[in-house]
Amino acid sequence: MAAPSQPQKSTYDVIVIGAGIQGSFTAYHLAQRHKDTLLLEQFLLPHSRGSSHGQSRIIRSAYPQEYYSRMMPDSFRLWQQLEAETGTTLYRQTGLVLLGPPGEPELEACRRSLGVNEVLDAVALAKLFPGFRLPAGQVAVLDSTGGVLFADRALRAVQEVFRRHGGTLRDGEKVLRIEPGATVTVTTTAGVYKAPRLIITAGPWTGAFVEQLGLHLPLQPVRIDVCYWREKQPGSAGLGSVSPCFLTLGLSQAPHGIYGLPSIEYPGLMKV
Ligand SMILES: Cc1cc2nc3c(=O)[nH]c(=O)nc-3n(C[C@H](O)[C@H](O)[C@H](O)COP(=O)(O)OP(=O)(O)OC[C@H]3O[C@@H](n4cnc5c(N)ncnc54)[C@H](O)[C@@H]3O)c2cc1C
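Everything numeric here is computed off the predicted structure, so don't read it as measured data. (Residues numbered from 1 in each chain as written. Predicted model: local features only at pLDDT ≥ 70, side-chain atom pairs only at ≥ 80, totals over all residues. Heavy atoms only, no water.)

Caption draft 1: The sheet that holds strand 3 (residues 56-59), seen in detail. Strand order in this open sheet of 3 strands is 3-7-4, and the pairing throughout is antiparallel. Each end of this open sheet is capped by a strand with a single partner; those strands are strand 3 and strand 4 (91-93). Pairs of neighbouring strands in the sheet enclose a mean axial angle of 25°, with direction left out of account. Across 4 bridges, the pairing between strand 3 and strand 7 (residues 147-150) is antiparallel. In the sheet register, S56 faces strand 7, and the bridge partner there is F150. Packing of helix 2 (residues 66-86) onto the sheet brings it into contact with strand 3, strand 4 and strand 7, and relative to strand 3 it is tilted by some 140°. Against the sheet, helix 5 (residues 151-164) touches strand 3 and strand 7, its axis set at about 50° to strand 7. (Pairing = 2+ DSSP bridges. Helix = DSSP H or I, 4+ residues; strand = E, 2+ residues; numbered from the N terminus. Axes fitted to C-alpha atoms, helices over the stretch in contact; angles between N-to-C directions. Contact = heavy atoms within 4.5 Å.)

Dropping the structure here:
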């Protein structure tokens, strides 16, 4: 359990609900800007019931939505800043291979978002990544900025710097009720807190949680299955090898896409 960084008090500049990666980063930036910030988390930390747990995540610049790719230079800069501030390695550049049928609209939008002209065929891709075999009828686009974020480590790091900047993190404390107003009152399982500003970063709980405020947001939590595949040749898909992250787009058999990372979580097992 994360120890509160200061004795319990009830009034803050800002209250943030939910200590996943979104809430923890938000709270960190507020504390860095000298806002007296309370970060509330319903479960004891670390926990594995939200979206931010696990050892690894893909980070990339290529997005079909231009507004995401425009944010990515800032995002990479903020990750570097956090690495420097905590003395922790949080990002490993591996490259990301985007796969799909030639001319597939999302793949094309990703290519444009990267500002690259090159589309790779099977031969060109195998030269870059010998372990990668492109299925017939597909081409690839390379996002060289793509790589792996060490997710659990990142979450710990950002919560640690939040506290270092004077923030208060209270875990195992579920928010039950919000009373809006010029000063917002937040009631948890352990106390009552007040602040002129409230930020809700409750991840998949958000939709149900904000109904008490009369907000009916069109949010639908999605469950993602994580599978681990054994390397055929031991060591061939590890971080030490020339092994990229990958993401498929526009496959009729997998409309929501399939993505994978080099085998870093468990030796010899690729996460897909
Ligand atoms: C298996 C998987 C793989 C993914 N892979 C990638 C990837 O490769 N690349 C990528 O960019 N993204 C990936 N994502 C998405 C990314 O992980 C999420 O977008 C991100 O973690 C969302 O963080 P969050 O803080 O919004 O939500 P969460 O991590 O769910 O945090 C919300 C927090 O709010 C807390 N909370 C909720 N209600 C209350 C309450 N009433 N009181 C107090 N606390 C409350 C919850 O307990 C939780 O800790 C993946 C997600 C999953 C699940």
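Caption draft 2: Local environment of the packing of helix 2 against helix 5. Across the interface, helix 2 lies against helix 5 with an axial gap of 10 Å and an inter-helix angle of 70°. By the angle class used here, helix 2 and helix 5 are roughly perpendicular. The two elements helix 2 and helix 5 cross, and the hand of that crossing is left-handed. Residues W79, L82, E85 and T86 of helix 2 lie in contact with helix 5, whose contacting residues are A154, A157, V158, V161 and R164. Looking at the contact of helix 2 with helix 5 residue by residue, the class counts come to 6 nonpolar, 1 polar and 2 charged. (Parallel < 35°, antiparallel > 145°, perpendicular 65-115°, else oblique. Left-handed = near helix turned anticlockwise from the far one by under 90°. Nonpolar A, V, L, I, M, F, W, Y, C, P; charged D, E, K, R; others polar.)

Caption draft 3: Seen up close, empty space enclosed by the protein. One pass over the structure, following the stated rule, counts 1 cavity of 30 Å³ or more. Volume-wise, the largest cavity comes out at about 40 Å³. When residues in the lining of the largest cavity are grouped by element, the largest group, 4 residues, is from helix 2. In the lining of the largest cavity, the residues fall into 3 nonpolar, 1 polar and 1 charged. (1 Å grid on protein atoms, 1.4 Å probe; cavity = no way out; pocket = protein on both sides within 12 Å on 5 of 7 lines; lining within 4 Å. Points joined across faces, edges and corners; volume = space filled by probe spheres on them.)

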